[in-house]
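Coordinate analysis (summary)
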Amino acid sequence: MQVQLFLQQIINGLSLGSIYALIALGYTMVYGIIKLINFAHGEVFMMGAFVSFFVLAYLKVNFYISMLIAMIFCALLGVIIEKIAYRPLRKSTRVAALITAIGVSYLIQNLMVYFIGPEVRSFPSPIVGAPIQVFGIYIQLKQIFVFVISIALMLILQFLINHTKMGKAMRAVAVDAQAAELMGINVNRVISFCFAIGSGIAGITGVLFGIYYGAIEPTMGTMPGLKAFVAAVVGGIGSIPGAMIGGVLIGVLETLVTALGYSMYKDAAVYALLIMILLVLPQGILGKNKKEKV
């Protein structure tokens, strides 16, 4: 029975970790390109959930179309944020860009609270049906859906970065933006594309979050955003597979701590994991240890 309970929590952790991993992809992509921690990413994730919710509620469209609309909206929002808030500060100090990112995060969150209210809204789930039972372990259909979408998006992103012309340009800008520009690469376009992809994935993740928990609210992006950032750092910020590994580790850790009856301390357990990983591997699990000249 104890083994079944443990395996059940692993399944639950994989689903939750997949959500963290997808949000972490946005952090790790942006940091890999311009060395910026985009703390507004959690609010982009929240906007994706609300766009899908309002499209479903008022336009009565198909769920998958609403997911596509949320992705496109968040991709455009990410590009707008980069162009207005981050691009003018690209040559400023990292602290200035970081404070701006935090400011953008609170601005979006408070605008949503002001215009639509702070109420929690029930999110309609298209994934219905009895859970699947395997050796006494119950797997819900929405858990399978979240996990499959997460794996598919990560594989698509890996292919995009490693096997396309734009992906090659992104890797070049990540290594040396000035040299890439001298070779004819439009650095601004590459960075905007990076924000569009990361924000589009965040939009889809917001929809998956709504399906998984069945509820959304304007402040929902704060805590998942922070934990996704921790996942990106644990996995090795700048590494896409690392973001996935970090997200799954944190998701499984949270569910196990909760199952043991210590749900009030699950956040503390996440940050304790971060400290332990960084003490042993300062660059993260799959991060590259780079030396910087002073």
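Just so you know, these numbers come straight off a predicted model, no measurement behind them.

When helix H6 (residues 165-175) is considered as a whole, its buried residues turn out to be Gly-167, Ala-169, Met-170 and Val-173. For H6, the arc enclosing every buried residue in end-on projection is 160 degrees, short of the 170-degree limit, so these residues lie on one face. Across H6 from its buried face, at more than 90 degrees, point the exposed residues Lys-165, Lys-168 and Val-175. The inward-facing, buried residues of H6 abut helix H1 (2-34), helix H5 (141-163), helix H7 (177-182) and helix H8 (187-213).

Grouped together as the largest cluster of nonpolar side chains are 82 residues, with contacts concentrated most on Phe-63, Ile-81, Tyr-86, Phe-123 and Leu-157. Per-element tally for this core: the top contributor is H8, with 13 residues. Ignoring sequence-local partners within four residues, the contact set of Tyr-86 consists of Leu-36, Asn-38, Ala-40, Ile-81, Ala-97, Thr-100, Ala-101, Val-104 and Phe-195.

The subject of this paragraph is the UniProt feature "transmembrane region" (unreviewed entry) in the protein. UniProt's entry tags residues 6-27, 39-57, 63-81, 93-117, 137-161, 190-216, 228-256 and 268-286 with the feature "transmembrane region" (unreviewed entry), counted in the numbering of this structure. Measuring from the first to the last C-alpha atom of residues 93-117 gives 35 Å, for a span that is 92% helix and 0% strand.

What follows deals with the pattern of salt bridges. One pass over the structure, following the stated rule, counts four salt bridges. The salt bridge involving Arg-90 is made with Glu-82; its shortest N-O contact spans 2.6 Å. Residue Glu-82 is classed as buried on the basis of its relative accessible area, which comes to 1%. For Lys-227, the salt bridge goes to Asp-267, with nearest N and O atoms at 2.6 Å. Highlighted residues: Lys-227 in helix H9 (residues 222-235) and Asp-267 in helix H11 (residues 266-280), separated in sequence by 40 residues. For Asp-267, a relative accessible area of 26% gives the class partly exposed. Taken together, the shared-partner salt bridges in this structure form one network comprising Glu-82, Arg-87 and Arg-90.

What counts, and at which threshold
Here, residues in each chain are numbered from 1, in the same order as that chain's written sequence. Local features in a predicted model are, by the rule used here, given only for residues with pLDDT of at least 70; side-chain atom pairs are given and counted only at 80 or more, and totals for whole chains, interfaces and linings are based on all residues. Here the side-chain values reflect all heavy atoms present in the structure, with hydrogen atoms and water set aside. Here the term buried applies to any residue with accessible area under 20% of the maximum for its type, exposed to any over 50%, and partly exposed to those in between, with areas from a 1.4 Å probe on protein chains only. Strands here mean DSSP runs of E at least two residues long; helices mean DSSP runs of H or I at least four residues long; both are numbered from the N terminus. Throughout, the arc means the angular range of directions from the helix axis out to the C-beta atoms. For this analysis, residues touch if any pair of their heavy atoms sits within 4.5 Å. The criterion is simple. A nonpolar core is a set of buried Ala, Val, Leu, Ile, Met, Phe, Trp, Tyr and Cys residues joined through side-chain atoms within 4.5 Å. UniProt positions are given in the numbering used here, feature names are shortened, and annotations may be inferred rather than shown by experiment. We define a salt bridge as a side-chain nitrogen of Lys or Arg found within 4 Å of a carboxyl oxygen belonging to Asp or Glu.

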